[in-house]
Amino acid sequence: MTTTAPPAARWLTHDQQRAWRAYLLGSAVLSERLDAQLRDHGLDLAEYEILVTLSEAADRQLRMAELADAVHQSRSRLTHTVTRMEKRGLIERTTCPVDRRGVWANLTDAGYRLLEEAAPSHVECVRRNFVDAIDDETLAAVGRAFHAVVEVPQD
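Residues numbered from 1 in each chain as written. Predicted model: local features only at pLDDT ≥ 70, side-chain atom pairs only at ≥ 80, totals over all residues. Heavy atoms only, no water.

## A word on the overall build of the chain
To keep things clear, this is the line we draw: Helix and strand definitions follow DSSP, with helices as H or I runs of at least four residues and strands as E runs of at least two, each counted in order from the N terminus. A radius of gyration in this sense is built from C-alpha atoms; the matching globule rule multiplies 2.2 Å by the number of residues raised to 0.38. The buried label goes to any residue with under 20% of its type's maximum accessible area, the exposed label to any with over 50%, and the partly exposed label to all in between, with areas taken from a 1.4 Å probe on protein chains only. Whether two residues are in contact is decided by their heavy atoms, any of which lying within 4.5 Å being enough. Charge counting follows a simple rule: Lys and Arg are positive, Asp and Glu are negative, and His as well as the terminal groups are ignored. In this description, the location of a charge corresponds to atom NZ of lysine, CZ of arginine, CG of aspartate or CD of glutamate.
Assigned secondary structure in the chain consists of six helices and three strands. If you list the helices and strands of the chain from N to C, you get α-α-β-α-α-β-β-α-α. For the chain, whose C-alpha radius of gyration is 20 Å, the value lies well above the compact-globule estimate of 15 Å for 155 residues. Based on the C-alpha atoms only, the size of the chain along its principal axes is roughly 55 × 50 × 25 Å. Of all 155 residues assigned to the chain, the portion counted as buried reaches 26%. Taking the contacts inside the chain whose residues are at least 6 apart along the sequence as the reference set, 52% of them involve residues at least 24 apart. Each charge class in the chain was averaged separately, 19 positive and 24 negative side chains, and the resulting centres sit 6 Å apart.

Following this line, the structure appears as structure tokens:
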């Protein structure tokens, strides 16, 4: 019986390990700070992203599947989040009149008002904890880096 050994691990260099760990810690700290700020408005970061995405959509509505893709959530997780938001009157779901299997998520006027209320302090928190914490060149590099991460093909 012939077995092939798995390929040797491609360990990170010291500098790569430092950068990776800085990313892990920095992204966790940034998420915590953004979530804490949004809690002042009764939202978490995932809910805020849903409100923003719907506010930018035509007629403030998207199919649930499109919304899940746009906010990078599983359909199951999105359904639970939207259910909570629907109970608060921020979103309402309606059946698609053309395709009865399709469900639309619609941003309500109350949801839009909450977004308008939360957005200024949220943007200030993003600016203080991310944009203003680094120089313009580094900000551009971070943008390029994460565009590249998103484009990595997955098997």
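## Notes on the sheet that holds strand E1 (residues 61-63)
Under the convention used in this document: Only when DSSP finds a minimum of two bridges between them are two strands counted as paired. For helices, the axis comes from a line fit to the C-alpha atoms of the stretch in contact; other axes are also lines fit to C-alpha atoms, and the angle between any two N-to-C directions lies between 0 and 180 degrees.
As summarised here, the arrangement of the three strands in space is E1-E3-E2, forming an open sheet in which the pairing is antiparallel. Either end of the sheet is taken by a strand with one partner, and the two such strands are E1 and strand E2 (91-95). When the angles between neighbouring strand axes are averaged without regard to direction, this sheet yields 25°. The pairing of E1 with strand E3 (residues 103-107) spans three bridges and is antiparallel. When the bridges of E3 are listed, Leu62 appears paired with Ala105. Helix-sheet contacts for helix H2 (residues 45-56) involve E1, E2 and E3, and the interaxial angle to E3 is about 95°.

## Describing the UniProt feature "domain: HTH marR-type" (unreviewed entry) in the chain
The cut-off we apply is this: UniProt positions are given in the numbering used here, feature names are shortened, and annotations may be inferred rather than shown by experiment.
The sites that carry the UniProt feature "domain: HTH marR-type" (unreviewed entry) are, in the present numbering, residues 9-151. Annotation note: span residues 9-151, helix share 68%, strand share 9%, distance between end C-alpha atoms 23 Å.

## Remarks on the packing of helix H1 (residues 14-39) against helix H5 (residues 109-131)
What counts is decided by this rule: Put simply, angles under 35 degrees are roughly parallel, angles over 145 are roughly antiparallel, angles from 65 to 115 are roughly perpendicular, and the rest are oblique. Each crossing gets its handedness from the near helix: less than a right angle anticlockwise from the far helix is left-handed, clockwise is right-handed.
Interhelical geometry of H1 versus H5 gives an angle of 155° and a closest axis separation of 10 Å. When the axis of H1 is compared with that of H5, the two are roughly antiparallel. In the crossing of H1 with H5, the sense of the turn from one axis to the other is right-handed. Facing H1, whose interface residues are Leu30, Arg33, Leu34, Gln37 and Leu38, H5 presents Ala118, Ser121, His122, Cys125, Val126, Asn129 and Phe130.

## Some thoughts on the side chain of His122
Summarising the element assignment, His122 is placed in helix H5. Classification of His122 by relative accessible area gives buried; the value is 8%. Apart from residues no more than four positions distant in its own chain, His122 is found in contact with Leu34, Gln37, Leu38, Leu45 and Tyr48.

## Points about the pattern of salt bridges
Short version of the rule: The salt bridge definition used is simple: a Lys or Arg side-chain nitrogen within 4 Å of an Asp or Glu carboxyl oxygen.
For the structure shown, the criterion picks out seven salt bridges. The partner of Arg93 in a salt bridge is Glu86, and the shortest N-O contact between them spans 2.8 Å. Residue classification places Glu86 among the partly exposed positions, given a relative accessible area of 28%.

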